[in-house]
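Read off the chains here:
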Amino acid sequence: MTERRQVVRPLIATTVIAAVAVGAAYTFGPGAQAEKVGAEKAGAAKAGQTAAAKATRQQVETQTLTPAGSCATSVKYPKRQLRGVWIATVHNLDWPSKPGLSPDRQKAEYLKILDNAVKRRLNAVFFQVRPASDAVYRSSLEPWSQWLTGTAGRDPGWDPLPFLVDEAHKRGLQFHAWFNPYRAADSASSKLPAGHPARLHPDWTVKHEGKLYYNPGLPQVRDWVTKVVTDVVTRYDVDGVHFDDYFYPYPGQGTRFADQAAYKKYGKGLTPADWRRRNVNQLVAQVSQAVHAARPYAVFGISPFGIWRNKAEDPAGSATKGMSAYDSIYADARAWIKAGSVDYVMPQLYWPRGFAAADYTVLAKWWSDAVKGTDVDLYIGQALYRVGTADTPAWTRAGELPAHLTLNRKYPEIAGDVYFSAAQLVKNPLGVLDRIVKSHYARPALPPVLRQGSTPAAPRGVKAAGGTLTWQAQPGAQSYGVYRVTGKDASCATADARNLVAVVPASQAPLYAAGAPGTYYVTSVDRLGNESPATRAA
């Protein structure tokens, strides 16, 4: 993730929004709560039909649709697509808007972000829980983040993370906990609070160009980062763990990173560069194993800098001329993909089409090829924060970012996009989000499957009456897909998102305001993203 990297790459609400009848209220997208509430009643069950007959009919209806693999689908209406947004806490970039706000103000600001995400038909948030060896949650391992109260280590009076996770889930949004692995303090001159791990273990740290880093070459550091991540995954109901692109420091003033002693002890005949890459690879593998052991359905992924290597440096590299993550920050994303130590990569392609040093068109294809034939998913990090800036002509055009999504359709490996960052959801620079929703997110989408599992049971008791679709809560369901078919042939109704009108978060009394005419079908979606057969509404 970038926090303010303009050269290398290129809210306050006053009340807490009530979450009444959340399962019904937060179906994805503008107008999704009711296609047109108050329209003519949808088909009700025939008078005199017995309960046994209804059950028999429902059982039959769950088996009549053609398997998606046998249906023609459209790339314009992907049924599975990750649509996410990064929520940065460092420097109060996105949340909270400033330190020292009351818990109620912090909650209100967060809900505003989530509601804007739902409005734009997003389905995931990547929330920065550990900006710099600190915690935006109650931790026995690291101090409270200064970005909550203004003072590192000061208790804000509540644990935000349960609220942050729960409210995302109520709205059908996945919650991915975003960690910065190696940043120990935002400033090397910062006074660290008592008990800070860098204060207890100064030998773990390296001062470099005004900042304080943990030394990636030390096994103790890898163990500590893994311990911190495991603690969060164990105690909080997160859907995944996310690392940004900050590994070894980015090139700055050319100062040598002072890890010579660790290299002498642990280098074992490798060149310094190969040793550093091995250190990062070991951390990635170690954290991946820990995440999956602690929470089997959770995913682990990384958003690397957008250029692995340039073709001039390596024939396998991209036709670009920018900074090489492999050589400059020792991040070897191809190695992670090959080893399967990540579930996804989310390269930050923060450049427009035609940009000479790093062309989006070139890089989208390169990353697609990099994951092709593997089990590693590919999402693209999109520079929403660059839209409307004047230093690059392409970003002054409202059509540039939507064009990235159009180009992505050429590559089936690209399974979604994540936008930096949440503050721009409210600003909507150049009206670009309106364009994206209209041309790319016209329908909601289920997120990609986290893990393949058994098919969940189909919904029961699906009824359409009085403009409202209701059904019985299904044990194990995380959400429900609602499809509407207007023609006679419904055999491929659930093959893509053309008929998908809502993704309804699970609740004790699920419902959808189904005012528009048509035949409705409902599916159950479990925590892993597996979808049941469809049940037709009676």
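What you are looking at is a predicted structure, and each value in this text was computed from that prediction instead of being measured.

Asks: Would you mind going over the packing of aromatic side chains with me for this structure?
Replies: Aromatic ring pairs are reported here in terms of the distance separating the ring centres and the angle at which the planes meet. Scanning the entire structure with this criterion turns up 27 aromatic pairs. Aromatic pair Phe126 and Tyr344: ring centres 6.5 Å apart, planes at 75°, arrangement edge-to-face. Taken together, the residues span a long stretch of sequence, with Phe126 in strand E2 (residues 124–130) and Tyr344 in strand E9 (residues 344–345) at a distance of 218 residues. Here the aromatic rings of Tyr248 and Tyr330 are separated by 5.2 Å at their centres, their planes lie at 80°, and the arrangement is edge-to-face. Here Tyr248 is found in the loop between strand E7 (240–243) and helix H8 (260–266), whereas its partner Tyr330 is found in the loop between helix H10 (325–328) and helix H11 (333–339), with 82 residues between them in sequence. On the accessibility criterion, Tyr248 (2% relative accessible area) is buried. We classify Tyr330 as buried; its relative accessible area is 13%. An aromatic cluster is present here, built from Trp95, Tyr110, Phe127, Trp158, Phe163 and Phe175 joined pairwise through their rings. Just above the ring of Tyr246 sits the side chain of Arg183; from NZ or CZ to the centre is 5.2 Å. Above the ring of Trp308, the side-chain terminus of Arg334 is found at 4.8 Å from the ring centroid.

Asks: So what exactly am I meant to see when it comes to the pattern of salt bridges here?
Replies: Any two side chains of opposite charge can pair, on the condition that their charged atoms come close. In total, this model carries 22 salt bridges according to the counting rule given. With its nearest N and O atoms 2.7 Å apart, the salt bridge here joins Arg130 to Glu142. Remark: Glu142 occurs in the loop between E2 and helix H4 (146–149) and Arg130 occurs in strand E2; sequence separation between them is 12 residues. An identical accessibility class is assigned to Arg130 and Glu142; each is buried.

Asks: Please explain the sheet that holds strand E4 (residues 183–185) as it appears in this structure.
Replies: Hydrogen bonding along the main chain pairs the strands of a sheet, whether they run parallel or antiparallel. In space, the three strands of this open sheet follow the order E4-E6-E5, with antiparallel pairing throughout. Edge positions in the sheet fall to E4 and strand E5 (205–208), since each of these pairs with one other strand and no more. Going across the sheet, the axis of each strand differs from the next one's by a mean of 40°, ignoring polarity. In this structure, E4 lies alongside strand E6 (residues 211–214), joined through two bridges in antiparallel fashion. Looking at E6, one finds that Ala185 is bridged to Leu212.

Asks: I keep staring at the sheet that holds strand E16 (residues 511–512) and nothing clicks. Help me out?
Replies: On the basis of which strands lie adjacent, the open sheet formed by three strands has the order E12-E13-E16 and antiparallel pairing. The open sheet is flanked by strand E12 (463–465) and E16, the only strands paired with a single partner. Of the pairings in the sheet, the one linking strand E13 (residues 468–470) to E16 comprises two bridges and is antiparallel in character. Paired with Leu469 across the two strands is Tyr512, which belongs to E16.

Asks: Help me understand helix H15 (residues 432–439) in this model?
Replies: Residues spaced three or four apart along an α-helix point in a common direction, a consequence of the helix completing one turn every 3.6 residues. Listing the buried residues of H15 in full gives Val432, Leu433, Ile436 and Val437. Buried residues of H15 fall within an arc of 135° about the axis and therefore sit on the same side. In this fold, the buried residues of H15 make contact with helix H13 (400–408), strand E11 (414–419) and helix H14 (423–427).

Asks: I'm lost on the state of the cysteines in this one. Help?
Replies: A covalent bond between the sulfur atoms of two cysteines is what we call a disulfide. Evaluation of the coordinates by the stated rule reveals one disulfide. Across the disulfide from Cys71 sits Cys492; the S-S distance is 2.1 Å. Here the S-S torsion is close to -85°, and the disulfide linking Cys71 with Cys492 is therefore left-handed. With a gap of 421 residues between them, Cys71 in the loop between helix H2 (51–61) and strand E1 (82–87) and Cys492 in the loop between strand E14 (477–485) and strand E15 (500–505) connect regions that are remote in the sequence.

Asks: Help me out: how do you make sense of the confidence of the model for the chain in this one?
Replies: Atom-level detail of predicted coordinates should not be read off regions where pLDDT is low. Looking at the chain as a whole, the pLDDT averages 90, with 88% of positions reaching at least 70. Predicted confidence is poor over residues 2–25, with pLDDT under 50, and the contacts of this stretch with residues over four places away or in other chains come to 73 contacts.

Asks: What exactly am I supposed to notice about the side chain of Asp244 here?
Replies: In this fold, Asp244 is placed in the loop between E7 and H8. A polar contact is formed between the side chain of Asp244 and the side chain of Trp178, at a distance of 2.9 Å. Here Tyr246 takes part through its backbone nitrogen, which lies 3.2 Å from a polar atom of the side chain of Asp244.

Asks: In this structure, what is going on with the environment of Gly529? I would like to understand it.
Replies: Looking at where Gly529 falls in the secondary structure, it is placed in the loop between strand E17 (519–526) and strand E18 (535–536). When the C-alpha positions of Gly529 and Gln478 are compared, they lie 8.2 Å apart, and in sequence the two are 51 residues distant. Excluding its chain neighbours within four sequence positions, the residues that come into contact with Gly529 are Arg80 and Val449.

Asks: Would you explain helix H5 (residues 160–170) in this entry?
Replies: Buried residues dominate H5, accounting for eight of its 11 residues. The N-terminus of H5 is capped by Asp159, whose side-chain oxygen sits 3.2 Å from the backbone nitrogen of Leu161. Positioned one or two residues after H5, Gly172 has a phi angle of 75°, which is positive.

Asks: Sorry if this is basic, but what is going on with the nonpolar core here?
Replies: A general trend in soluble globular proteins is that nonpolar side chains are found buried together. One finds Trp95, Tyr110, Phe175 and Phe243 to be the most contacted residues of the largest nonpolar core, which totals 129 residues. Those residues within four positions of Phe175 in sequence are excluded, and the remaining contacts are Tyr110, Val125, Phe127, Leu161, Leu164, Val165, Ala168, His169, Val238, Asp239 and Gly240. Membership of the second largest hydrophobic core comes to 16 residues, among which are Val501, Val504, Ala516 and Val522.

Asks: Even after reading the chapter, I still don't get the packing of helix H3 (residues 103–119) against H5, so can you show me in this structure?
Replies: To describe two helices that pack against each other, one gives the angle between their axes and the distance between the axes. In contact at an axis separation of 11 Å, H3 and H5 are set at 30° when each is read in the N-to-C sense. Taken together, the axes of H3 and H5 lie roughly parallel to each other. Handedness of the crossing formed by H3 with H5: right-handed. Here Lys107, Tyr110, Leu111 and Leu114 of H3 come into contact with H5, specifically with Phe163, Leu164, Glu167 and Ala168.

Asks: How should I be thinking about the pairing of E7 in this particular structure?
Replies: It is a general feature of regular strands that their side chains alternate between the two faces of the sheet. Across the two faces of E7 the burial is the same, with Gly240 and His242 and Val241 and Phe243 all buried. Pairing geometry for strand E3 (residues 174–179) and E7, over four bridges, is parallel. Within the sheet, the bridge partner assigned to Phe179 lies in E7 and is Phe243.

Basis of the calculations
- Residues numbered from 1 in each chain as written.
- Predicted model: local features only at pLDDT ≥ 70, side-chain atom pairs only at ≥ 80, totals over all residues.
- Heavy atoms only, no water.
- Phe/Tyr/Trp six-rings, centres within 6.5 Å; stacked < 30°, edge-to-face > 60°.
- Helix = DSSP H or I, 4+ residues; strand = E, 2+ residues; numbered from the N terminus.
- Buried < 20%, exposed > 50% of the residue type's maximum accessible area, 1.4 Å probe, protein only.
- Lys NZ or Arg CZ within 6 Å of the ring centre and 35° of its normal.
- Salt bridge = Lys/Arg side-chain N within 4 Å of Asp/Glu carboxyl O.
- Pairing = 2+ DSSP bridges.
- Axes fitted to C-alpha atoms, helices over the stretch in contact; angles between N-to-C directions.
- Arc of directions from axis to C-beta.
- Contact = heavy atoms within 4.5 Å.
- Disulfide = S-S within 2.5 Å.
- pLDDT = per-residue confidence, 0-100.
- Polar contact = N/O pair within 3.5 Å; in protein donor to acceptor, adjacent residues only side chain to side chain.
- Core = buried A, V, L, I, M, F, W, Y, C linked by side-chain atoms within 4.5 Å.
- Parallel < 35°, antiparallel > 145°, perpendicular 65-115°, else oblique.
- Left-handed = near helix turned anticlockwise from the far one by under 90°.

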